[in-house]
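Residue strings, one per chain:
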Amino acid sequence: MIANEILFGAIFMLISVFCFCMTLRFPDLRIALSPTVFPRFVTVSLFILSSFLLAQGIKKQVRSRGGSQKIRIDRAYIIRFIMLGVTGFIYTRIIRFTGYIIATPLLIAGSMLIFNERKWYRIILVSVVTTAILYSVFRMFFRVPLPRFSLW
Amino acid sequence: MSALADGLVYVLNPSHFPFLLIGVMGGIVVGALPGLTGSVGIILLLPFLFYLEPATSLIMLSGMFCGAIYGGSISAILISTPGTPSAAATVLDGYPLAQRGEAGKAIGVATIASTTGGVISTLCMIFISPQLAKFALKFGPEEYFALMVFGLTVIASVSGASLVKGLISGFFGLLIASIGIDELTGYARFSFNIPNLMTGFPMLPVLIGLFAISQIFIELGNVGKDLKRYNQKIRGVFPTWKEFKRLITVIIPSSFLGTFIGIIPGTGGTIASFMAYNEAKRLSKDSESFGKGNLAGVAAPEAANNGTTGGAMVPLLTLGIPGDVITAVMLGALLLIGVRPGPLLFKQNPQIINALFVGFMLAQFLILALGLASVRIFPRVLKVPISLLFPVIFTLCFLGSFTLNNSIYDMLVALLFGVIGYFMRKHGFAVAPMILGVILGPLAERELGKALIISHGNWVTLVRSPIALFFYGISILSVTYSLMRMRSSRKKAKAR
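Residues numbered from 1 in each chain as written. Chains lettered and ligands numbered in written order. Predicted model: local features only at pLDDT ≥ 70, side-chain atom pairs only at ≥ 80, totals over all residues. Heavy atoms only, no water.

Enquirer: Teacher, can you tell me more about the overall build of chain B here?
Expert: Per the secondary structure count, chain B includes 22 helices and 2 strands. Here chain B has a C-alpha radius of gyration of 22 Å; the compact-globule value for 496 residues is 23 Å, and the two agree. Overall size of chain B, expressed as C-alpha extent along the three principal axes, is 70 × 55 × 50 Å. Going through the 496 residues of chain B one by one, you find that 63% of them count as buried. Residue pairs at least 24 apart in sequence account for 80% of intrachain contacts in chain B once pairs closer than 6 positions are excluded. (Helix = DSSP H or I, 4+ residues; strand = E, 2+ residues; numbered from the N terminus. Rg over C-alpha atoms; globule rule 2.2 N^0.38 Å. Buried < 20%, exposed > 50% of the residue type's maximum accessible area, 1.4 Å probe, protein only. Contact = heavy atoms within 4.5 Å.)

This is the structure:
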């Protein structure tokens, strides 16, 4: 937790400095409220708060110097997290080519496997039935133009 | 009265009523399932709402809101895991009752108490909201800006364990809200000449990502773990007449307490339920039995947390400021379906408000009917495996993000904010302040701009109005109260 405070404090400080520097390039238009006012107020406040967080982290780190903290890393969890994120990303990439009907059962099946579902009949049934229900609700009832296979 | 009759006719119309029913049923299920909260339920409902009339969408949202708050008690009683944070106090006596084989009676009492709390708070909402809206019609941009500042101070109370992290989350949300074309000047801020960023991040995918997708990532931590189940048979749902007479003396004051707490922005159901529980225990002749399975220990928190529902809608509907996390999400939902809460809503769209009032009231009776009728089904609902539930929700998140603009880019935005939300939540940054920043930031900037245009750039205009000064004053009080509360809870934690 201590290292996290330092890390996140530094990240938010960098974001605030970067965004503040960007506001220096904004035109200083004087139509009542310049477009720089709000972002500058936000970035300066974010900088102050993140430096406070960073200071808190350093203070705690110094206090706990004697005791070593062991951070338990659950590898299986991290792998699952990355796999689910990648599966979602791939879905957003392939859906424009394969269309909703092909890509969605693959997303559901993939996520079920990541969530440790091992019964194949259940994976197939849930993937197909959920895709069909969502298709009928959004495409047929709400008339949402869901992505279609590009060769159609 | 005739306006409410019009609302009743609208809600009972066969083409509108099923949406209320679905909202309540969905809310109960979402509230009962640990890991899914009312906020997630409302967000998952959003993609469906774009295609409905605003009044129908609102009654469905109210059904989901009230249903979810009640649903949280089911898992709290059966498996000692509150489905929503506001049901945490229900665990204290609900779970011991379930272990004694009285789960049916505990759920029955929770249902009756929730309905009573909901009905009382809805009546208060119906009577208070129009009066407050009439008063709020006097507001100009200066008062609205002050009001938005007050709304943003809610960040302090929804910050979780660390105020600094909560504030960082809130300001990060404000920064995200400033991406895109500035409404007043037309200048594209932080857009890097990327066309998609010119309009800023779309709100729906941001909400879906921060609340729903990040929750799915967190649930991956439960893979392979044995989920808690309730395997006993459920018998005897109703309390005896003697028990009921004793409980009603707890339920009614707790309902009023919940409504009052709900009206105050920055409080919410969790505070109300614990306060009601403590009061019930303090005033009880049998206070030693609290924590060991006293029915009053279930009735008090449930009446209070459902009491907050109508109460929390008062500032949301009349002033457009959310009182807690779930009403912040509700505010986002209302803006997305094209309903801008505030006094003008009462003046320009009274039919929407009437339908909402009636829908809110009927939702309470649906909770009573569905809750009592499905007591025996609840243990089965809790057995839904996560390997089935979350992949389906994951898919719904992508599809929901797509529907607003029919854009695959929006799906990517949802995934991106899912990852951001996951890392923030995992490291102690509450996402609710970020949502408040994203929703209220642009509104505050707009009102500030309007005030400055009217006053020809004179900033003193912001502190001229007594109403604005009043809101600045209560903003300071709100932050001070949150700081004091945080300090006292830290002291308590240290003492333990």
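Enquirer: When you look at the overall build of chain A in this model, what are you seeing that I'm missing?
Expert: When helices and strands are tallied, chain A shows 5 helices and 0 strands. When the helices and strands of chain A are placed in sequence order, the string is α-α-α-α-α. Buried positions account for 41% of the 152 residues belonging to chain A. Within chain A, counting contacts between residues at least 6 apart in sequence, those at least 24 apart form 60% of the total. Surface accessibility of chain A: about 9,300 Å² in total, with carbon and sulfur atoms responsible for 70%. (Areas by Shrake-Rupley, 256 points an atom, 1.4 Å probe, with all protein chains shown as cover.)

Enquirer: Honestly, the side chain of B:Arg189 in this entry has me stumped. Any pointers?
Expert: Relative to the assigned elements, B:Arg189 resides in strand S2 (residues 188–189). At 3.0 Å, the side chain of B:Arg189 forms a polar contact with the backbone oxygen of A:Pro35. Residues in contact with B:Arg189, not counting those within four places in the same chain, are A:Phe26, A:Pro35, A:Phe38, A:Pro39, B:Ser178, B:Ile179, B:Gly180, B:Asp182 and B:Glu445. (Polar contact = N/O pair within 3.5 Å; in protein donor to acceptor, adjacent residues only side chain to side chain.)

Enquirer: Quick question: what am I supposed to make of the packing of aromatic side chains here?
Expert: The geometry of two aromatic rings is summed up by the distance between their centres and the angle between their planes. Within the structure shown, the criterion is met by 28 aromatic pairs over all chains. Plain terms: the ring middles of A:Phe138 and B:Phe48 are 5.0 Å apart, the flat faces sit at 35 degrees to each other, and that makes the pair tilted. Of this pair, A:Phe138 sits in helix H5 (residues 120–141) while B:Phe48 is found in helix H3 (residues 38–49), placing the two residues in two different chains. A residue is classified by how much of its surface remains accessible, and B:Phe48, at 18% relative accessible area, is buried. (Phe/Tyr/Trp six-rings, centres within 6.5 Å; stacked < 30°, edge-to-face > 60°.)

Enquirer: Is there a simple way to explain the interface of chain A and chain B in this structure?
Expert: One frequently used descriptor of interface size is the decrease in accessible area upon assembly of the parts. Across the contact, 64 residues belong to chain A and 61 residues belong to chain B. For the pair chain A and chain B, the summed buried area comes to about 5,700 Å², and 86% of that belongs to carbon and sulfur atoms. One can count 1 salt bridge joining chain A with chain B. At the junction of chain A with chain B, the criterion picks out 4 residue pairs in polar contact (both at pLDDT 80 or more). For the side of chain A that touches chain B, the secondary-structure elements that each account for two or more residues are helix H1 (2–23), helix H2 (37–63), helix H3 (75–98), helix H4 (100–114) and H5 of chain A. Looking at the side of chain A that touches chain B, the element that brings in the most residues is H2(A), giving 13 residues. (Buried area = accessible area lost by both parts, 1.4 Å probe. Salt bridge = Lys/Arg side-chain N within 4 Å of Asp/Glu carboxyl O.)

Enquirer: Explanation requested: the domain arrangement of chain A in the structure shown.
Expert: Here chain A is described as being made up of domain 1 (2–63) and domain 2 (75–141). If you average the C-alpha positions of domain 1 of chain A and of domain 2 of chain A, the two centres end up 38 Å apart. (Domains from an automatic or database assignment.)

Enquirer: Is there a simple way to explain the packing of helix H19 (residues 386–405) of chain B against helix H20 (residues 408–426) of chain B in this structure?
Expert: Each pair of packed helices gets described by two things: the angle between the helix axes and the distance between those axes. Residue and element names in this part refer to chain B. Where H19 contacts H20, the two axes come as close as 7 Å, and the packing angle between them is 135 degrees. On the basis of their axis angle, the class for H19 and H20 is oblique. In terms of crossing hand, the pair formed by H19 and H20 is right-handed. Two secondary-structure elements touch here, H19 through Phe398, Ser401, Phe402 and Asn405 and H20 through Ile408, Asp410, Met411, Ala414 and Leu415. Residues of the contact of H19 with H20, tallied by class, amount to 6 nonpolar, 2 polar and 1 charged. (Axes fitted to C-alpha atoms, helices over the stretch in contact; angles between N-to-C directions. Parallel < 35°, antiparallel > 145°, perpendicular 65-115°, else oblique. Left-handed = near helix turned anticlockwise from the far one by under 90°. Nonpolar A, V, L, I, M, F, W, Y, C, P; charged D, E, K, R; others polar.)

Enquirer: What is the right way to look at the packing of helix H7 (residues 141–152) of chain B against helix H21 (residues 432–454) of chain B in this model?
Expert: Residue and element names in this part refer to chain B. Relative to each other, H7 and H21 sit at 155 degrees, their axes nearing to 8 Å. Relative to H21, the element H7 lies roughly antiparallel. As H7 packs across H21, the resulting crossing turns out to be left-handed. Taken together, the residues of H21 that come into contact with H7 (itself represented by Pro141, Glu142, Tyr144, Phe145, Met148, Gly151 and Leu152) are Leu436, Gly437, Leu440, Leu443, Ala444, Glu447, Leu448, Lys450, Ala451 and Ile454.

Enquirer: Would you mind showing me how to read a nonpolar patch on the surface here?
Expert: All names here are of chain A. Taken together, the side chains of Ile78, Ile82, Val86, Phe89 and Ile90 present a nonpolar region at the surface, about 420 Å² in accessible area. Secondary-structure assignment places phenylalanine 89 in helix H3. Residue classification places phenylalanine 89 among the partly exposed positions, given a relative accessible area of 40%. (Patch = residues over 30% accessible without salt bridge, like charges linked within 9 Å, V, L, I, M, F, W, Y side chains within 5 Å.)

Enquirer: Can you walk me through a positive patch on the surface in this structure?
Expert: Among the surface-exposed residues, A:Lys59, A:Arg63, B:Arg487, B:Arg490, B:Lys491 and B:Lys494 lie close enough to one another that they form a single positively charged patch. When residues of the positive patch are traced back to their parent elements, those giving at least two are H2 of chain A together with helix H22 (466–495) of chain B. Among the elements that make up the positive patch, the one with the highest residue count is H22(B) (4 residues). As for its position among the elements, B:Lys491 is in helix H22. (Lys, Arg positive; Asp, Glu negative; His and termini not counted. Charge placed at Lys NZ, Arg CZ, Asp CG, Glu CD.)

Enquirer: Help me understand the nonpolar core in this model?
Expert: If you look at the biggest cluster of nonpolar residues, it comprises 193 residues, and the most contacted ones within it are A:Phe138, B:Ile42, B:Leu61, B:Leu78, B:Leu220, B:Met313 and B:Leu317. Ranked by the residues each element gives to this core, the list is headed by helix H4 (residues 54–79) of chain B, at 14 residues. Here this core spans two domains, and each of domain 1 (2–63) and domain 2 (75–141) of chain A adds at least three residues to it. If sequence neighbours within four positions are ignored, B:Ile42 has contacts with B:Leu61, B:Met64, B:Phe65, B:Ile326, B:Val329, B:Met330 and B:Ala333. (Core = buried A, V, L, I, M, F, W, Y, C linked by side-chain atoms within 4.5 Å.)

Enquirer: Explain H2(A) to me, please; I cannot follow it from the model alone.
Expert: Every α-helix winds through 3.6 residues per turn, so residues three or four apart in the chain are directed the same way. Compared with the 39 Å implied by 1.5 Å per residue over 27 residues, the 39 Å span of H2(A) between its first and last C-alpha is a close match. Among all positions in H2(A), only A:Phe38, A:Pro39, A:Val42, A:Thr43, A:Ser45, A:Leu46, A:Leu49, A:Ser50, A:Leu53, A:Leu54 and A:Gly57 are buried. (Expected span 1.5 Å × (residues − 1).)

Enquirer: Honestly, H3(B) in this entry has me stumped. Any pointers?
Expert: Along its 12 residues, H3(B) runs 16 Å from first to last C-alpha, staying within 8% of the 16 Å computed at 1.5 Å per residue. Within H3(B), 12 of the 12 residues are buried, leaving the element largely enclosed by the surrounding structure. Turning to H3(B), its buried residues are B:Gly38, B:Ser39, B:Val40, B:Gly41, B:Ile42, B:Ile43, B:Leu44, B:Leu45, B:Leu46, B:Pro47, B:Phe48 and B:Leu49. Residues of H3(B) that are buried sit in contact with H5 of chain A together with helix H2 (17–32), H4, helix H11 (203–219), helix H15 (325–336) and H19 of chain B.

Enquirer: What am I meant to see in the pattern of salt bridges here?
Expert: Pairing between side chains of opposite charge can happen when the charged atoms of each approach one another. All names here are of chain A. Applying the stated criterion across every chain yields a total of 11 salt bridges over all chains. Two residues, arginine 122 and glutamate 117, come together in a salt bridge whose shortest N-O distance is 3.1 Å. Looking at arginine 122, the relative accessible area reads 23%, which means it is partly exposed. On the basis of relative accessibility, which here comes to 4%, the residue glutamate 117 falls in the buried class.

Enquirer: What exactly am I supposed to notice about the environment of B:Arg464 here?
Expert: Note that B:Arg464 resides in the loop between H21 and H22. Residue classification places B:Arg464 among the exposed positions, given a relative accessible area of 53%.

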